Amino acid sequence: MMTQTDTSSSNATSAAARKAMIDSQLRTSGVNEEFALARMMSVPREDYLPEDKAPLAYIDRSVRVDGGALASPLFYGKVLLEAVPAKDDRVLVVEGGTEYLAALVEPLVASVDTLCALDAANGEADDAYSLILVDGAIEQLPASLADALEDGGRIISGLVLRQVTRLASGRKIVGKVSLLPVEDLGIPVLHAFDAPKTWTFS
């Protein structure tokens, strides 16, 4: 049974790990905006991992879990920077398997809905959102997910291009969405969004 002293010690250790993550992983990579750092400091990553993976919560790469992955701290910091969530944003988070990204953004916006990657890839998003955040890298953006973005709305996602994952950003303009790469970044791949395989004969 965990005592109050044990809990306080655990909380202090977790806070110290988050502070080290911010100083050594985020600030050194250009994530310096206070709103992003405050959210990354406030949400314990270990709460979104199974107990046996909790010691890996603050490493500088993704952690695989059943049904997905918790991406690196840097990925989430960069997503927040690109998104610049606003108080009136209606947000859809396409889940990577942990719900960590939704927890990060929820206090910054008007509302947050979540959808698993498979449902999002299969066209289950049926509302109009001003911001879509994809917790992973995709090969293709389905038309049904683009349709769930209101005109002028933004989408931030990982993108797989020639087997390299990149952070990407897009905006819906006159009914069309284009994802443009921002920077190369290690991001877990959401295979529900894999493009159909094509065969060539030589």
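Residues numbered from 1 in each chain as written. Predicted model: local features only at pLDDT ≥ 70, side-chain atom pairs only at ≥ 80, totals over all residues. Heavy atoms only, no water.

Caption draft 1: Structural context of the overall build of the protein chain. Of regular secondary structure, the protein chain possesses 6 helices and 8 strands. Starting at the N terminus, the α and β elements of the protein chain follow one another as α-α-β-β-α-β-α-β-α-β-α-β-β-β. A compact globule built from 202 residues should have a C-alpha radius of gyration of about 17 Å, and the protein chain, at 17 Å, falls within 12% of that. By its C-alpha atoms, the protein chain is 60 × 45 × 35 Å across when sized along the principal axes. Expressed as a percentage of the 202 residues in the protein chain, the buried residues total 45%. Counting only contacts in the protein chain whose residues sit at least 6 apart along the sequence, the fraction spanning at least 24 positions is 51%. (Helix = DSSP H or I, 4+ residues; strand = E, 2+ residues; numbered from the N terminus. Rg over C-alpha atoms; globule rule 2.2 N^0.38 Å. Buried < 20%, exposed > 50% of the residue type's maximum accessible area, 1.4 Å probe, protein only. Contact = heavy atoms within 4.5 Å.)

Caption draft 2: Structural view of the pattern of salt bridges. Enumeration over the complete set of coordinates arrives at 8 salt bridges. In this structure, the salt-bridge partner of K78 is E183, at a minimum N-O distance of 3.0 Å. With a gap of 105 residues between them, K78 in helix α3 (residues 73-83) and E183 in strand β8 (residues 176-184) connect regions that are remote in the sequence. K78 sits in the buried class, given a relative accessible area of 11%. Between R166 and D184 there is a salt bridge; the shortest N-O distance is 2.9 Å. Of this pair, R166 sits in strand β7 (residues 164-173) while D184 sits in strand β8, and the two are 18 residues apart along the sequence. Owing to a relative accessible area of 16%, R166 belongs among the buried residues under this scheme. The structure contains a network of salt bridges with shared partners spanning K19, D23, R27 and E34. (Salt bridge = Lys/Arg side-chain N within 4 Å of Asp/Glu carboxyl O.)

Caption draft 3: Up close: the nonpolar core. In this structure, M40, F75, Y76 and L133 are the most contacted members of the largest nonpolar core, which totals 40 residues. Residue assignment for this core shows that the elements contributing at least two residues are α1 (4-26), α2 (34-42), β1 (63-65), α3, β3 (90-95), α4 (100-105), β5 (129-138) and β6 (149-161). Non-local contacts of L133, meaning those with residues more than four positions away in its chain, are made with V79, A83, V91, L92, V93, V94, L101, V105 and I156. Counting residues in each nonpolar core, the second largest holds 20 residues, with L92, A120, I138 and A168 among its members. (Core = buried A, V, L, I, M, F, W, Y, C linked by side-chain atoms within 4.5 Å.)

Caption draft 4: Local environment of the sheet that holds β8. Spatial strand order, β4-β3-β5-β6-β7-β8: 6 strands in an open sheet with mixed pairing. Because the sheet does not close on itself, it has two edges, and the strands there are β4 (111-116) and β8. If you compare each strand with its neighbour and ignore which way they point, the axes differ by 20° on average. Relative to β5, α3 is tilted by about 155°, and along the sheet it contacts β5, β6, β7 and β8. (Pairing = 2+ DSSP bridges. Axes fitted to C-alpha atoms, helices over the stretch in contact; angles between N-to-C directions.)

Caption draft 5: Focus on the pairing of β4. Inspection of the sheet shows β3 paired to β4 by 6 bridges, in the parallel sense. Bridged to L92 within β4 is D113. Chirality of the crossover, the property in question, places the unit of β3, α4 and β4 among those that are right-handed. (Right-handed = clockwise from strand over helix to strand, strands pointing away.)

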